[in-house]
Amino acid sequence: METKVETKIDTNEIKYTSKDFASDQDVRWCPGCGDYSVLAQVQRTFPDIGIKKENMVWISGIGCSSRFPYYMNTYGFHTIHGRATAIATGLKLSRPDLSVWVATGDGDLLSIGGNHFIHTCRKNVDLKLLLFNNKIYGLTKGQYSPTSEKGKVTKTSPYGSVDYPFNPPLLALGSEATFIARSLDRDPKHLQEMIKRAAEHKGTAFLEIYQNCNIFNDGAFEPLTDKNTKADNVVVMTHDKPLIFGKNNEKGIKLDGFRPVIVDLNDPNNSINDLWIHDEFDSSPVRASILSHFTDMPGMPTPIGIFRQITKPTYNEGLTSQIEHVTEKKGKGTLKSLLYSPGTWEVN
Amino acid sequence: MREEKILEKELQNLKEVTIRFAGDSGDGMQLTGSQFSDTTALFGNDLGTLPDYPAEIRAPAGTLYGVSGFQVHFSSADIYTPGDTPDVLVAMNPAALKINIKDLKLGGTIIVNTDSFDSKNLGLAKYESNPLEDEALLSNYKVYPVAITTLNATALKDSPLSNKDINRCKNFFALGLMYWIFNRPIEPTVKWIYEKFGKKQDIAEANEKALKTGYYYGETTETFTTRYSVEPASLPKGVYRNIAGNEAIALGFVAASIKSGLPLFLGSYPITPATDILQYLSSYKNFGVKTFQAEDEIAGITSAIGASYGGSLAITTTSGPGMALKTEAMGLAVMTELPLVIINIQRGGPSTGLPTKTEQADLFQAIYGRNGEAPIPVIAASTPSDCFFTALEAAKIALKYMTPVILLSDGYIANGSEPWRIPDPDSIPEIPVSYRTEAEGFFPYLRDENLSRPWAVPGTPGLEHRIGGLEKANITGNVSYDPDNHEFMVRLRAAKVQKIQQDVPDLAISHEQEGELLVLGWGGTYGAITEAVMKARAEGHKVSQAHLKHLFPFPKNLSDVLNSFKNVLIPELNLGQLAKVLRSELLIDTISLTKIKGLPFKSSEIQNKIVEILGGNNGN
């Protein structure tokens, strides 16, 4: 058999609707689960991405969110706990022509799969990682997760969890992911925008989605999603725009050295010109790091949007160019050249 | 050495010789041994090698646990092992002498580096007095004291290298001396030196000079009165190369990639003694081979599963502890019925065990070691060159039956080498593979006549589907918790793997087809068993031999073969795992000969057991 593996994703124009991406399987998440929204936003976004559905693959591990591939009418692989990124890596390295997406949860990606996650980021494997972060173990019915807050009372922490949680964007940043973003299940427009941006990114795209588990951790993100409180608790990071939030956009954030400070824009002593202007493409990771830390700082709003996006060659590009270079130098190998390598002798 | 008589300044012909090079793990003994082997192979002898080195890369110099050895057995006739007892020991320091002297043939030759026999090194080797002054040693062996360090340093006194680097050349001096004594050409090694150190001219020149000085020292000194010659073996016509098992596995999978038309993908994490395969394959970029040095053993196998899902010939390499880590992912490959080869280069266990030593104790793990009913075919390589064909066989089974396959090798054949008559590339059969492309009537868990499911790779329009580790509904592949379906699918997967038996050749018996005693082996014990059987037969014992490559499923005629003999002896480097499998599968009792020392069998150990079983009645 002769196979030729394409090195680029085919992006010829095609017309899909969101229905084209729905599989024939009944969706079996609990009614009211935030996963429904993520699925809907993905299905709404995918027709605009411009990739044929046979060239899209969803890979998942284990957990509620990992049922995701069953509901997408693309290729899909529901694998084993924690290993989705490693399996997706093997697929993407062998098939650069595919658009490979990973649906994963806070336990799957950050606990049992933590090692694969950091190394996928480090290698800049061209994968889209969608972290459904509900800060709880849902499928095993309510134990604390590596993103649960300290002190969380769950079935395995009846006196409160003594664990400190991971800060996912910060972990991705420390692992050198080239695209780091956050969105909310209950902000469909923003989520769609982030999915599109992740799809366009070349390299590891990490998108954290705050997702409500209405059974075991209901309301975990309510301050960020409730229409009465959202404006005061969420700051939308927009490229080249100042960090402003509040019901009437009356609050701004400026940097005092490395320390973010909230200023009241109604106060004439404060000027919008002094605010922190967000730069998605900042070559330095320092500001993205400070933004990631907002969630650990009392009083600071939770940032959503793109923390940072940078460009560097992907693992695939490195691998492909090395193969091309060596093949050019040595000539394409044949079975004869392989077996009859130096050091042979003849017996007559 | 077969002939003991020594004449003045004579060139003496020997049939076969076993030499062991031994020194500190930093002394370059593996390099010295492999150079001697390569030259000897080029010279036309048949040979077998046994590298034996500690897990510590540079153990403290002079200590007993830092001793590294390399044994090479070469002959003018066919041979099957690296030799039971060395004829010649080259000992670079007292520790090397102490560790290895017990293996040396009585009356054998010892060449020692006297410079290292100082009080410090004698102390490190726990010698209370200098063994070179020991009358018993001198009368039991032919001892040749050579001041290797001094002679080497004197020869290189004009070299710009530091004293430390000059000292590191002394293994080439020893090698040169052995080339003279055993009448080998030095040119292949000189050529190798310049290929290896070409960019570091000073080092290349110093090594060449050390090599030549050692050679000329043998020629001019009066110490050595005799040279020995081992004539080339009358091997079958053909082009040969010297090959170690791990290299042969790497070549085998590249060959399988070419013959199947599939790109080769290796996901692997370095682990002794399997790492060489990753190293070799990472150099074959111009064959389109993709190697992924993963973050851990689990990513090694799971990345390979991803590549297999994408349509590659996917493999993963490891050793025992890594097999344990890969276990869950093997189950996923069973459930999703994706082709994959898992290569286990067995080493001493359990746990970290003996990383650099050989063992065959992972057979149970290979056949049974997974959760759930998870049948995986298991095949084992028997010699370094057989690793090539076993790799092809593993790929063929995986692709034809859409199944993971476990290939067992071991540290002994992985690192040991032998001359290999290179097969004609055109004589290697094509491996037929086809992806499913027809959308009409497609279901991911349809079955062909071999019970294999279709390989529908992403990128194929109209075949979008989902697979995973949850139980599959028959044919549709949808998730199913139906009790009857589960039992059906468990039995179906088992039946598919059992069906592979249709392709397993009947087990061949060497010598009498029935009788008193059959020696049955599997894996890397082939050489020692073959030699033992040949020697026993030469003494008049009627003993037959058979060797299993397919351990699961077995050849169809296995039961008949075993029942054709009154006794079946199974030598294994474990506590009798194959014997237990045979007893449970076939209800046949066998006699186990076991050894768990991290070392291969000596042929004499098996031969003695054969004689013991036959009780001196020669099997008649």
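Residues numbered from 1 in each chain as written. Chains lettered and ligands numbered in written order. Predicted model: local features only at pLDDT ≥ 70, side-chain atom pairs only at ≥ 80, totals over all residues.

K.L.:
Which parts of the structure should I look at to understand the overall build of chain A?
P.N.:
Counting its regular elements, chain A contains 11 helices and 12 strands. Against the globule reference of 20 Å for 348 residues, chain A gives a C-alpha radius of gyration of 23 Å, in line with a compact fold. Across the 348 residues of chain A, 46% fall into the buried class. (Helix = DSSP H or I, 4+ residues; strand = E, 2+ residues; numbered from the N terminus. Rg over C-alpha atoms; globule rule 2.2 N^0.38 Å. Buried ≥ 20, exposed ≤ 12 C-beta atoms within 10 Å, placed from the backbone.)

K.L.:
Sorry, what's going on with the overall build of chain B here?
P.N.:
Helix and strand counts for chain B stand at 21 helices and 22 strands. C-alpha extents for chain B along the principal axes are approximately 85 × 65 × 45 Å. Relative to its full complement of 620 residues, chain B shows a buried share of 55%.

K.L.:
When you look at the domain arrangement of chain B in this model, what are you seeing that I'm missing?
P.N.:
Interfaces are often sized by the amount of accessible area the parts lose when they come together. All names here are of chain B. Once the domains are mapped, chain B shows domain 1 (10-230), domain 2 (241-427) and domain 3 (515-614). Each of domain 1 and domain 3 was reduced to a C-alpha centroid, and the two centroids are 36 Å apart. At the junction of the two partners, domain 1 supplies 5 residues and domain 3 supplies 8 residues. (Domains from an automatic or database assignment. Contact = placed C-beta atoms within 7 Å.)

K.L.:
Looking at this structure, how should I read the interface of chain B and chain A?
P.N.:
The interface is formed by 60 residues belonging to chain B together with 53 residues belonging to chain A. Contributions of two or more residues to the side of chain B that touches chain A are made by α1 (29-43), β9 (238-244), α10 (245-260), β10 (264-268), β11 (290-293), α12 (297-309), α13 (320-336) and β17 (466-468) of chain B. Sort the elements by how many residues they give to the side of chain B that touches chain A and α12(B) lands first, with 9 residues. Alignment of strand β2 (residues 75-78) of chain A against β17(B), held across 3 bridges, turns out to be parallel. Residue pairing in the sheet places Gly76(A) in a bridge with Arg466(B) of β17(B). (Pairing = 2+ DSSP bridges.)

K.L.:
Is there a simple way to explain the sheet that holds β9(B) in this structure?
P.N.:
Adjacent strands of a sheet form backbone hydrogen bonds with each other and so pair up, either parallel or antiparallel. Pairing is antiparallel in the open sheet, where 3 strands are placed in the order β12(A)-β9(B)-β16(B). In this open sheet, the two edge strands, each paired with only one partner strand, are β12 (344-347) of chain A together with β16 (417-421) of chain B. This sheet shows a mean twist of 35° between the axes of neighbouring strands, independent of strand direction. Note that β12(A) and β9(B) share 4 bridges and pair antiparallel. Paired with Glu346(A) across the bridge in β9(B) is Val239(B). Strand contacts of α1(B): β12 of chain A together with β9 and β16 of chain B, with the helix running at about 165° to β9(B), the strand carrying the most contacts. (Axes fitted to C-alpha atoms, helices over the stretch in contact; angles between N-to-C directions.)

K.L.:
Help me out: how do you make sense of the packing of α1(B) against helix α8 (residues 187-197) of chain B in this one?
P.N.:
Packed helix pairs are specified by the crossing angle of their axes together with the interaxial distance, meaning the distance between the axes. All names here are of chain B. It is the contact of α1 with α8, at a shortest axis distance of 9 Å, that shows an interaxial angle of 130°. Regarding the angle of α1 to α8, the classification is oblique. In this structure, α1 crosses over α8, and the sense of that crossing is right-handed. Between α1 and α8, the contacting residues are Gln-35, Asp-38, Thr-39 and Leu-42 on the first element and Pro-188, Thr-189 and Trp-192 on the second. Within the contact of α1 with α8, the residues separate by chemical class into 3 nonpolar, 3 polar and 1 charged. (Parallel < 35°, antiparallel > 145°, perpendicular 65-115°, else oblique. Left-handed = near helix turned anticlockwise from the far one by under 90°. Nonpolar A, V, L, I, M, F, W, Y, C, P; charged D, E, K, R; others polar.)

K.L.:
For this particular structure, what's the right way to read the sheet that holds strand β19 (residues 544-548) of chain B?
P.N.:
Residue and element names in this part refer to chain B. One open sheet accounts for 4 strands, arranged β19-β18-β21-β22; its pairing is parallel. Two strands in the sheet have a free side with no partner beyond their single neighbour: β19 and β22 (591-594). Across the sheet, the axes of successive neighbouring strands diverge by a mean angle of 25°, strand direction being ignored. Here strand β18 (residues 515-522) runs beside strand β21 (residues 565-572); their pairing, made up of 4 bridges, is parallel. Paired with Leu-518 across the strands is Val-568, a residue of β21. In the packing of helix α20 (residues 577-586) onto the sheet, the strands contacted are β18, β21 and β22, and the crossing angle to β21 comes to about 140°. Each of β18, β21 and β22 is contacted by helix α21 (residues 603-614), which is oriented at about 155° to β18, the strand it contacts most.

K.L.:
Is there a simple way to explain the environment of Gly142(A) in this structure?
P.N.:
All names here are of chain A. Positionally, Gly-142 belongs in the loop between β4 (128-133) and α5 (168-174). Taking the C-alpha atoms as reference, Gly-142 lies 26 Å from Ile-118; in sequence the two are 24 residues apart. Every residue in contact with Gly-142, bar those within four places of it in the chain, is listed here: Ile-136, Tyr-137, Thr-154, Lys-155 and Phe-216.

K.L.:
Would you mind going over the packing of α12(B) against α13(B) with me for this structure?
P.N.:
All names here are of chain B. Where α12 meets α13, the axes come as close as 8 Å, and the angle between the chain directions of the two elements is 25°. Here α13 runs roughly parallel to α12, going by the angle between their axes. Crossing handedness for the pair α12 and α13: right-handed. In contact with Glu-297, Ile-298, Ile-301, Thr-302 and Ile-305 of α12, α13 contributes Gly-322, Leu-325, Lys-326, Ala-329, Leu-332 and Ala-333. Considering only residue class, the contact of α12 with α13 consists of 7 nonpolar, 2 polar and 2 charged.

K.L.:
Is there a simple way to think about the nonpolar core in this case?
P.N.:
For soluble globular proteins, nonpolar side chains are generally found buried alongside one another. If you look at the biggest cluster of nonpolar residues, it comprises 190 residues, and the most contacted ones within it are Ile305(B) and Ala395(B). In terms of residue count, the dominant contributor to this core is helix α15 (residues 386-401) of chain B (10 residues). A domain split of this core shows at least three residues from each of domain 2 (241-427) and domain 3 (515-614) of chain B. Excluding its chain neighbours within four sequence positions, the residues that come into contact with Ile305(B) are Ile87(A), Gly90(A), Ala314(B), Ala329(B), Leu332(B), Ala333(B), Leu338(B) and Leu340(B). In terms of nonpolar packing, the next biggest core, distinct from the first, is built from 55 residues, Leu89(B), Val112(B), Val146(B) and Leu175(B) among them. (Core = buried A, V, L, I, M, F, W, Y, C linked by C-beta atoms within 7 Å.)

K.L.:
Is there a simple way to think about the pairing of strand β3 (residues 46-52) of chain B in this case?
P.N.:
The side chains of a regular strand alternate between both faces of the sheet. Taking burial as the measure, the 7 residues of β3(B) include 7 buried ones, the bulk of the element. Neither face of β3(B) is open: one carries Asp46(B), Gly48(B), Leu50(B) and Asp52(B), the other Leu47(B), Thr49(B) and Pro51(B), and all of them are buried.

K.L.:
Can you help me understand helix α2 (residues 84-94) of chain A in this one?
P.N.:
An α-helical turn contains 3.6 residues, so a residue and the one three or four places further along point in the same direction. Counting buried positions over the 11 residues of α2(A) gives 11, a clear majority of the element. Within α2(A), the full set of buried residues consists of Ala84(A), Thr85(A), Ala86(A), Ile87(A), Ala88(A), Thr89(A), Gly90(A), Leu91(A), Lys92(A), Leu93(A) and Ser94(A).

K.L.:
Explain the confidence of the model for chain B to me, please; I cannot follow it from the model alone.
P.N.:
The predicted coordinates ought not to be read in detail in places where the model reports low pLDDT. Residues and elements named next belong to chain B. Model confidence for chain B is summarised by a mean pLDDT of 94, while 98% of its residues fall at 70 or above. Note that pLDDT drops below 50 for residues 1-7; the model gives that stretch 13 contacts with residues more than four away or on any other chain. The ipTM assigned to the predicted complex is 0.97, against a pTM of 0.94. (pLDDT = per-residue confidence, 0-100.)

K.L.:
Help me understand unusual backbone geometry in this model?
P.N.:
All names here are of chain B. For the bond running from Thr-272 to Pro-273, omega is 0°, close enough to zero to count as cis. Within the secondary structure, Pro-273 is located in the loop between β10 and α11 (275-282). The amide bond that connects Phe-552 to the next residue, Pro-553, takes the cis arrangement and shows omega of -10°. Examined against the element boundaries, Pro-553 turns out to sit in the loop between β20 (550-552) and α19 (558-563).

K.L.:
Looking at this model, I keep getting lost on the pairing of β18(B). Mind explaining?
P.N.:
Residues and elements named next belong to chain B. Buried residues dominate β18, accounting for 6 of its 8 residues. Pairing of β18 with β19, which is carried by 5 bridges, proceeds in the parallel orientation. From the neighbouring strand, Leu-520 faces β19, where its bridge partner is Ala-546. Taken together, β18, helix α18 (residues 526-538) and β19 form a β-α-β motif whose crossover is right-handed. (Right-handed = clockwise from strand over helix to strand, strands pointing away.)

K.L.:
Explain helix α4 (residues 114-123) of chain A to me, please; I cannot follow it from the model alone.
P.N.:
Every buried residue of α4(A) is accounted for by His116(A), Phe117(A), Thr120(A), Cys121(A) and Lys123(A). Check the buried side of α4(A) and you find it contacts α2, α3 (106-110), α5, β6 (205-210) and α10 (315-330) of chain A together with α12 of chain B. In the segment just after α4(A), Asn124(A) is the residue with positive phi, at about 55°.

K.L.:
I tried to follow the environment of Gly105(A) on my own but got confused; where do I start?
P.N.:
Residue and element names in this part refer to chain A. Here Gly-105 shows up in strand β3 (residues 99-105). The buried category is assigned to Gly-105, around which 33 C-beta atoms lie within 10 Å. Spatially, the C-alpha atom of Gly-105 lies 5.7 Å from that of Asn-133, the residues being 28 residues apart in sequence.

K.L.:
Would you mind going over the environment of Pro342(A) with me for this structure?
P.N.:
Topologically, Pro342(A) is positioned in the loop between α11 (335-339) and β12. According to the C-beta neighbour criterion, Pro342(A) is exposed, with 8 such atoms within 10 Å.

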